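Working through the structure, step by step
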Amino acid sequence: MIQKLESATALAGTVRIPGDKSISHRYAMLAAIAEGTSVIGRFAASRDCHSTLACLRALGVEVGTAGDTVTIRGRGLHGLSAPAAALDAGNSGTTMRLLAGILAGQPFDSVLTGDDSLVNRPMGRVLEPLRRMGAAVEARERDLPPLRVRGGALRAIRYALPVASAQVKSCVLLAGLYGSGTTAVEEPVPTRDHTEIALGEFGAAVRVAGNWIEVDPGPRLVGRRLVVPGDLSGAAFFLVAAAIVPGSDLRLPGVGLNRRRRELLGYLERAGMELEVERESAESGEARGDLRVRYSPRLLSGALPPIAGAETAALIDEIPVLAVLGSQAAGGLEISDAGELRVKESDRIAAVAANLAAMGARVTEKPDGLVIAGGARLRGADIATRGDHRIAMAFAVAALAAQGETRIHAADCADVSFPGFWDALRSVR
Ligand code: S3P
């Protein structure tokens, strides 16, 4: 499907952002290995989270859906059953890496596979710690999926993560539930802590000491009622869109404000975005609140603060749309330490550079980042999304500030994290 977009004047209204993708995956998986029933409200409509639900069903878990409420009858820590066929994680790295941790503790064999993008993403980062824990896990050449997991009793480990990755951290913590003692992971820099929070909510013993996170094995996880907040990474597209389109004023209610994810808001405020956070609250340990964003001429007249180091890790999913924002700020933007972007759903450094250049921006690709010259007068172009949802949505935002028509190819990939994105965008124009 090709989405054709023209430049916009004054975006206005309210956008209901779908439930957070990262949190939805974790609630579903923990509900599956808890005892009793969990009811999860505002569950992410995203294709990725539905890949997780399909895998859980294939493991014998009863899953019901009604609108965006998902009901899961937990099987207990040791109640999953052997799948009849390979488990298909689709496009979802989170599904594959987190489930690998749970499957490593099961007394049966399973195979995890995915789409053309996912079977080319690195899995050595989870194979290594799982092997140290005693799991027999095999992959294709160069540690690529499909993964074959021969699970069983696991050894507890203390493991310093070589990459800043919430997915790898979560994989080890979930495997740690099946360990012989307390398992601990150390993060090089902080990453999203939804797993730690959710484990605690379901009844596991999790302790955080400095950069180390520990989990005790064999907890009795208990099913519960939870409501997922809106996805801040999905909201980011509308924040940037409103900031760059003159006269805009948007409201995004009930968006997740987890301390690790909201670093995005701190960054945007420092950059000069007209942003307000209202009615903050917390539920199930996850902060949330309403966002209001307005056209931000002050932001556009300067340079965006450079993004590097720990901040890159905190903003990792928002970098494509921040690159678009950088092209519109007079002083541009430099992004460093973002080599991880090359192994996301696409090589996002290359995809952002090629598409910004196609729209007339001046961009230099670095091995681990981008240098984007500011103040570009973008022109409509054909956007190659490479099947990557965040590239499709980032360039939909760029199209709003471009002269002439932009054609986003394979635009339905937005469903991976944000079904309804194109309608939502149309509704505020
Ligand atoms: C995620 C962690 C991040 C992020 C991804 C979701 C998660 O990946 O990019 O979209 O839910 O844990 P990494 O952990 O590989 O950095």
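Okay, so let's go over this structure.

1. Structural notes on the site of the ligand
In the neighbourhood of the ligand, the contacting residues comprise S22, R26, T94, R97, A164, S165, A166, Q167, R192, I316, D317 and K344. Contact between the ligand and A166: an oxygen atom at 2.9 Å from a main-chain N or O atom of the residue. Alone, the ligand offers 390 Å² of accessible surface; in the complex the protein occludes 95% of this. Elements with a minimum of two residues in the shell around the ligand: α1 (21-32), α3 (93-103) and α5 (166-176). Viewed by domain, the shell around the ligand spans two of them, domain 1 (3-19 + 229-427) and domain 2 (21-227), each represented by three or more residues.

2. Digging into the environment of R16
With respect to the element layout, R16 can be found in the loop between β2 (12-14) and α1. Since its relative accessible area comes to 55%, R16 is described here as exposed. Separated by 238 residues in the primary sequence, R16 and G254 place their C-alpha atoms 8.1 Å from one another. When sequence neighbours within four positions are dropped, the list of residues in contact with R16 reads R42 and D68.

3. What about the sheet that holds strand β3 (residues 35-41)?
A sheet is described by the order of its strands in space; here 4 strands give the open sequence β4-β5-β3-β14, paired in mixed fashion. Of all strands in the sheet, those bounded by a partner on one side alone are β4 (62-66) and β14 (225-227). On average, each strand axis in the sheet is inclined to that of its neighbour by 15 degrees, with strand direction left out of account. Contacts from α1 reach β3, β5 (69-75) and β14, with the element oriented near 35 degrees to β5.

Thresholds applied
Residues numbered from 1 in each chain as written. Predicted model: local features only at pLDDT ≥ 70, side-chain atom pairs only at ≥ 80, totals over all residues. Heavy atoms only, no water. Near = heavy atom within 4 Å. Polar contact = N/O pair within 3.5 Å; in protein donor to acceptor, adjacent residues only side chain to side chain. Areas by Shrake-Rupley, 256 points an atom, 1.4 Å probe, with all protein chains shown as cover. Helix = DSSP H or I, 4+ residues; strand = E, 2+ residues; numbered from the N terminus. Domains from an automatic or database assignment. Buried < 20%, exposed > 50% of the residue type's maximum accessible area, 1.4 Å probe, protein only. Contact = heavy atoms within 4.5 Å. Pairing = 2+ DSSP bridges. Axes fitted to C-alpha atoms, helices over the stretch in contact; angles between N-to-C directions.

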